[in-house]
Amino acid sequence: MSNDIKTQVVVLGAGPGGYSAAFRAADLGLDVVLVESRKTLGGVCLNVGCIPSKALLHVAKVIDDAKAMADHGVTFGAPQIDLDKIRSWKDSVIAQLTGGLSGMSKQRKVKVVAGYGKFTGSNTLAVEGADGTTNITFDNAIIAAGSSVVDLPFIPKDDERVIDSTGALELKDVPGEMLVLGGGIIGLEMGTVYNALGSNISVVEFADQLVPAADNDIVKIYTKYNKKNFNIMLSTKVVAVDAKEDGLYVTFEGKNAPEGQVRYDKILVAVGRKPNGHLIAADKAGVNVDERGFINVTNELRTNVNHIFAIGDVVGQPMLAHKAVHEAHVAAEVIAGKKHVFEPRCIPSIAYTDPEMAWVGVTEREAKEQGLNIETANFPWAASGRAIASARTEGKTKLIFEKETGRVLGGAIVGINAGEMLGEICLAVEMGADAEDVGLTIHAHPTLNESIGLAAEIFEGSITDLP
Ligand code: FAD
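Reading the values: the criteria
Residues numbered from 1 in each chain as written. Predicted model: local features only at pLDDT ≥ 70, side-chain atom pairs only at ≥ 80, totals over all residues. Heavy atoms only, no water. UniProt positions renumbered as here; feature names shortened; annotations may be inferred. Helix = DSSP H or I, 4+ residues; strand = E, 2+ residues; numbered from the N terminus. Buried < 20%, exposed > 50% of the residue type's maximum accessible area, 1.4 Å probe, protein only. Contact = heavy atoms within 4.5 Å. Patch = residues over 30% accessible without salt bridge, like charges linked within 9 Å, V, L, I, M, F, W, Y side chains within 5 Å. Areas by Shrake-Rupley, 256 points an atom, 1.4 Å probe, with all protein chains shown as cover. Salt bridge = Lys/Arg side-chain N within 4 Å of Asp/Glu carboxyl O. Pairing = 2+ DSSP bridges. Axes fitted to C-alpha atoms, helices over the stretch in contact; angles between N-to-C directions. Disulfide = S-S within 2.5 Å. Parallel < 35°, antiparallel > 145°, perpendicular 65-115°, else oblique. Left-handed = near helix turned anticlockwise from the far one by under 90°. Nonpolar A, V, L, I, M, F, W, Y, C, P; charged D, E, K, R; others polar. Near = heavy atom within 4 Å. Polar contact = N/O pair within 3.5 Å; in protein donor to acceptor, adjacent residues only side chain to side chain.

Named according to an unreviewed UniProt entry, the chain is Dihydrolipoyl dehydrogenase originating from Thalassomonas viridans. UniProt, in its Sequence similarities (unreviewed entry) section for the chain, records the words "Belongs to the class-I pyridine nucleotide-disulfide oxidoreductase family."

Structure representation (structure tokens):
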């Protein structure tokens, strides 16, 4: 069976980028078709990324907090883990959000076409679905095809004991010994979940620090706090995996490599994601895709073909949902004839680990590389009443200022709730606030947020007596 559709805008992929673009375009009065190969809308983020990982991290936090209370006079019994119930709760969170998107599409009369889409020309796309092929003729297209997990050639592929982030989120069991291959955000978040559920976690990272994108002073605090939870092997890599009946035997190389083979029950491969640019026959539409699979775009999110736009993970780093959403709005508005460009001063990054690590704007390392004249101000949480009352003083808040003007160029926080706190620093950077603006803003007491105001006051020299 073959269907033909004509539309003003076709959006390829219904992740945070795709659905946001489709909804904004429809709200602006355009006729929109949204193409998605998954059963539900929401892309990686809602189905196998941001949302399910946070649902499981919530479970981990409650377990860890309950354990920690024993030091403060409240002892709970050992947690009874019911994996089936945790899994169905996580699935219900996904269903609530993806179902919500489906309703929002209907409200806006966005036509959802289920199936895998490929370009067949500069104004045509064919979607292969369960009901056959749908041929779509479009005036404008927005490519929001996202990214996929990277696998490694020397890791067994068809062994169910080797999992990626999607496999980890399925939560099939709680392995005794789990190796997390890659010390980035996704690996550490999933390691946090499995550790709370009872797994012994080892993390191997090729770089000399975990989460290489963040400043070392921030990551160091996280790493020190987690030495009791994780066996962390930095400057080390996996060179071979021998899959035997009784376990996966791993050989390491590098500075902190253990001797001989080490046995694990499961390996979580979390070494990054690759863009899906090569999977959509972009060449048929004349759209250039680089050798890695990224699609270059202008600040209006246009590809080299004027009426075809691209957004989200497929256009480059950072591969984050909030970046995709903002790009989506720009692309949709430009198509609707509005003047808009994607030129953010900063895009926040957050590791929802324990403690959390969050940073935005220029990092200290980037400032040095760019030869910026900066000064940092650090507020240690050992001096925060709220952190002391929460028994979580391992954190710190750092602001990065332009030395001459005191303008906030960036900031980073490590500690509980760092991710929620970061918004204030994002606003400061985006609005071009300086130390006086932040320092004179009255922050409620006792909050962890106070540490942001206090860091600004440290820069201004009005606070000097810190522990
Ligand atoms: P995607 O979400 O990848 O969506 C693309 C969609 O397009 C997919 O549904 C795919 O099926 C569909 N598609 C692709 N090609 C075709 C085709 N040819 N035809 C039809 N459909 C197609 N980001 C954050 O900001 N915060 C987080 O906390 C966070 N946590 C994460 C945790 C994990 C475990 C993972 C894996 C990722 C996480 N991310 C997080 C990253 C985030 O998920 C991505 O940055 C975001 O989903 C990118 O959105 P997107 O719209 O570009 O693409």
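Read on, since the account is not over.
Description of the UniProt feature "binding site: FAD" (unreviewed entry) in the chain
Residues annotated in UniProt with the feature "binding site: FAD" (unreviewed entry) correspond here to Lys 54, Gly 117, Asp 313, Met 319, Leu 320, Ala 321 and His 322. Spanning 269 residues, the annotated positions stay apart in the fold, the maximum distance between their C-alpha atoms being 29.9 Å. Residue position: Lys 54 is located in helix α3 (residues 50-68). In this structure Lys 54 comes out as partly exposed when scored by relative accessible area, which is 26%. Setting aside residues no more than four positions away along its own chain, Lys 54 makes contact with Glu 189 and Tyr 352. Looking at the element boundaries, Leu 320 is found in the loop between β17 (308-310) and α8 (321-335). Take Leu 320: its relative accessible area is 21%, and that puts it in the partly exposed class. With residues near it in sequence (within four places) discarded, Leu 320 still touches Asp 313, Ile 347, Pro 348 and Ser 349.

Thoughts on a nonpolar patch on the surface
On the surface, Met 69, Val 74 and Phe 76 cluster together into a nonpolar patch covering about 250 Å² of accessible area. Here Val 74 is to be found in the loop between α3 and α4 (83-108). On the accessibility criterion, Val 74 (35% relative accessible area) is partly exposed.

Quick notes on helix α13 (residues 450-460)
The buried count for α13 comes to eight of 11 residues, which makes it a mostly enclosed element. Within α13, burial applies to Glu 450, Ser 451, Ile 452, Gly 453, Ala 455, Ala 456, Ile 458 and Phe 459. Turning to α13, the residues buried within the fold contact β20 (374-380), β21 (396-402), β22 (408-415), α11 (418-431) and α12 (435-440).

Let's talk about the sheet that holds β21
What the five strands build is an open sheet, ordered β18-β19-β22-β21-β20; its pairing is antiparallel. Either end of the sheet is taken by a strand with one partner, and the two such strands are β18 (349-351) and β20. Averaged over neighbouring strand pairs, the angle between their axes works out to 10° when direction is ignored. In the sheet, β18 pairs with strand β19 (residues 356-361) via three bridges, with the strands oriented antiparallel. Of the residues in β19, the one forming a bridge with Ser 349 is Trp 359. Running at roughly 30° to β18, helix α6 (residues 185-197) makes contact with β18 and β19 of the sheet.

Some words on the state of the cysteines
Within the structure shown, the criterion is met by one disulfide. Distance from the sulfur of Cys 346, which forms no disulfide, to the nearest cysteine sulfur (Cys 426) is 5.1 Å. Classification of Cys 426 as buried rests on a relative accessible area of 15%.

A closer look at the packing of helix α1 (residues 16-27) against α8
Close contact between α1 and α8 brings their axes to 8 Å; oriented N to C, the two are set at 30°. Classified by the interaxial angle, the pair formed by α1 and α8 is roughly parallel. The handedness of the crossing between α1 and α8 is right-handed. Here α1 contributes Pro 16, Gly 17, Ser 20, Ala 21, Arg 24 and Ala 25 to the contact with α8, which in turn contributes Ala 321, Ala 324, Val 325, Ala 328, His 329, Ala 332 and Glu 333. For the contact of α1 with α8, the class distribution of residues is eight nonpolar, three polar and two charged.

Thoughts on the site of the ligand
Surrounding the ligand, one finds 38 residues, the nearest of these being Glu 36, Lys 54, Gly 117, Asp 313 and Ala 321. One nitrogen or oxygen atom from the main chain of Met 319 is found 3.1 Å from an oxygen atom belonging to the ligand. Contact with the protein chains covers 94% of the free accessible surface of the ligand, which is 990 Å². Of all the secondary-structure elements, those providing two or more residues to the shell around the ligand are α1, β2 (32-36), α2 (43-48), α3, β4 (116-121) and α8. Class assignment of the residues belonging to the shell around the ligand gives a composition of 18 nonpolar, 15 polar and five charged.

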